[in-house]
Amino acid sequence: MKKNIINAPDLNKTRKRNLAQEVRIIYDELVVPDIVQKKAPGLKFLILTYGCQANVRDQEVMEGMLLQAGYTKTNNIKNAALIILNTCAVRENAEQKVLGKLGSLKSLKENNKDLIIAVSGCMIGEPVIVDTLLNKYHQVDLMFGTNEIKNLLNYLAKVYQNKEVVVAANDDNNDIVELLPSTRLSSFKAYVNIMYGCDKFCTYCIVPYTRGQQRSRSSVDILKECQDLKARGYQEITLLGQNVNAYGKDLKQDISFGALLKSVAATSIPRVRFLTSHPWDFSDEILEAFLEYPNLMPYLHLPIQAGSDRILTLMGRRYHKNDYLNLITKIRLKLPHIAISTDIIVGFPNETDQDFMETIDVVKKVRFDSAFTFIYSPRDGTPAARMPDDVPYKTKSQRFISLVNELEQIIEVKSQQYLGKTVKVLVDGVSKNDPEMLNGYTEDNKLTHFKGPKTLIGSIAKVRINSAHIHYLLGELDAA
Ligand code: SF4
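Okay, so let's go over this structure.

Procedures and definitions
- Residues numbered from 1 in each chain as written.
- Predicted model: local features only at pLDDT ≥ 70, side-chain atom pairs only at ≥ 80, totals over all residues.
- Heavy atoms only, no water.
- Helix = DSSP H or I, 4+ residues; strand = E, 2+ residues; numbered from the N terminus.
- Buried < 20%, exposed > 50% of the residue type's maximum accessible area, 1.4 Å probe, protein only.
- Contact = heavy atoms within 4.5 Å.
- Areas by Shrake-Rupley, 256 points an atom, 1.4 Å probe, with all protein chains shown as cover.
- Pairing = 2+ DSSP bridges.
- Axes fitted to C-alpha atoms, helices over the stretch in contact; angles between N-to-C directions.
- Near = heavy atom within 4 Å.
- Nonpolar A, V, L, I, M, F, W, Y, C, P; charged D, E, K, R; others polar.
- Expected span 1.5 Å × (residues − 1).
- Polar contact = N/O pair within 3.5 Å; in protein donor to acceptor, adjacent residues only side chain to side chain.

**Some thoughts on the overall build of the chain**
Helix and strand content of the chain: 14 helices and 22 strands. Taken across its 480 residues, the chain has 56% of its residues classed as buried. At a minimum sequence separation of 6, the contacts of the chain that also span at least 24 residues come to 76%. Carbon and sulfur atoms form 53% of the exposed surface of the chain, whose accessible area is close to 20800 Å².

Right, here's the structure in full:
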């Protein structure tokens, strides 16, 4: 099969990128190439998304473009004429899942030569992955990176027209393209991108290579999107960015994340959330926003990653343990009821028992309300992947187990504070394990299950908690 490499992933070029490069914001209407206009009607597409909320929002944009081009959506992979795997590259196992799925699609392709299989998302920012797909996964017709979504229809046209494998990893322009059509996977909760990419280059992280330079959207476009969602009756929006606290630092227009947060909250959408924060850029203005706007939900995701200053330095996190602890103290002084969650990596190269005990010490001191915990997974091309790693895997998994135990003991105790309380839950849907039960999240982001009519889905219900567990609460509707 002919290959058309429009742009290949290049980690060195990405690392040396000019951070001062001006970001253009483009307001172009979507143009559907002729051959796609001819082919699409009657064809069905299916997008499988892996990984984070940013990927979910990317799926919604891809769906909007494909529907406007004339395709229809299907949930049955056998009926699809176009399958897109929208991938995550944050850890090894995420990639293995995708490669496994691609393997299972081979027979579908053999039985239907017109089937188009595409791979998008962060895995396409990695040279080693693109080489593997080109050389071993011949069922793949198209590979496009996170900031190439805007060109999806043009690349489909090339695949249809020239019967070639198209590779477009990352468009160097780093433009922000507004006005692209998009769907919403929920009719009451929505993700709103406020920025793309990241320039922090934490040594273990592949995101700056796969999602490109930090680019903030204009606050006018963000507010317009939020007001539109408010007008459509949305109950909750989550502002998205790899490091939302750095919002606006790349914009000529003088606006900070704190100011943006206040203006979004001022739209009076019932619930406003944001993620992900970086301790290094956390400002007092953000705390003020929480104090001024009760519709800013009392939940903060603030990754620490490790407790040891030596490891934090090797990670390139730009803060030390005490900086983080002092920040938590400051936040809790102003917002005593805020729930705080975090990300922690164990088994980073050269992590000693003493380093690990520093992480446990932070967990004991901060008493997180929830946490995402990971065993370090080397990402090809990142500086950390070149560090000699003398920590045996057995030790890494032992540390992982004791970290989770420490966290869960604290969370179990803290969860008892909900007993007998009435909490407000935005009802997401029916519980997976019991069709009689509904579920949703409290304002401080605690998963809650309770019995109730399906008519409550999409609305905020009052629930009285009668049992509390590490990962969820159980309650009953509070009619009062
Ligand atoms: S701030 Fe987050 S997304 Fe950016 S490099 Fe660090 S870990 Fe990755």
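**A few points about the sheet that holds strand β17 (residues 370–375)**
Taking strand neighbours across the sheet as the criterion, the three strands line up as β15-β16-β17 in an open arrangement whose pairing is parallel. Two strands lie at the open edges of the sheet, namely β15 (299–301) and β17, each paired on one side alone. When the angles between neighbouring strand axes are averaged without regard to direction, this sheet yields 15°. Sheet topology places strand β16 (residues 339–346) next to β17; six bridges connect them, and they run parallel. Opposite V346, over in β17, you have I375 as the bridge partner.

**Description of the site of the ligand**
What surrounds the ligand is the set C198, K200, F201, C202, Y204, C205, V207, P208, Q242, H278 and R317. Of the residues contributing to the shell around the ligand, the split by class is seven nonpolar, two polar and two charged.

**What to know about the sheet that holds strand β10 (residues 189–193)**
With parallel pairing, three strands are arranged side by side in an open sheet as β10-β13-β14. Each having just a single partner strand, β10 and β14 (271–275) make up the two edges of the open sheet. Strand-to-strand twist of the sheet, defined as the mean angle between neighbouring strand axes without regard to direction, takes the value 25°. Where β10 lies against strand β13 (residues 236–240), five bridges are found, and the strand directions are parallel.

**A closer look at helix α8 (residues 219–231)**
Turn by turn, an α-helix covers 3.6 residues, leaving residues three or four places apart pointing in a common direction. Helix length check: α8, at 13 residues, gives a terminal C-alpha distance of 18 Å against a target of 18 Å (1.5 Å per residue), a fit within 8%. Residues S219, D221, I222, L223, E225, C226 and L229 constitute the buried set of α8. On the buried face of α8, the contacting elements are β2 (25–26), α3 (53–69), β10, β13 and α9 (257–265). Following α8 by one or two positions, G233 has its phi on the positive side, about 85°.

**Here's the deal with the environment of R211**
Tracing the sequence through the fold places R211 in the loop between α7 (207–210) and β12 (215–216). By relative accessible area, which is 7% here, R211 ends up buried. Dropping the residues within four chain positions of it, R211 is found in contact with A54, N55, D58, C122, T146, G197 and Q242. Separated by 2.6 Å, the side chains of R211 and N55 make a polar contact. Polar side-chain contacts of R211 include one of 3.0 Å to the side chain of D58.

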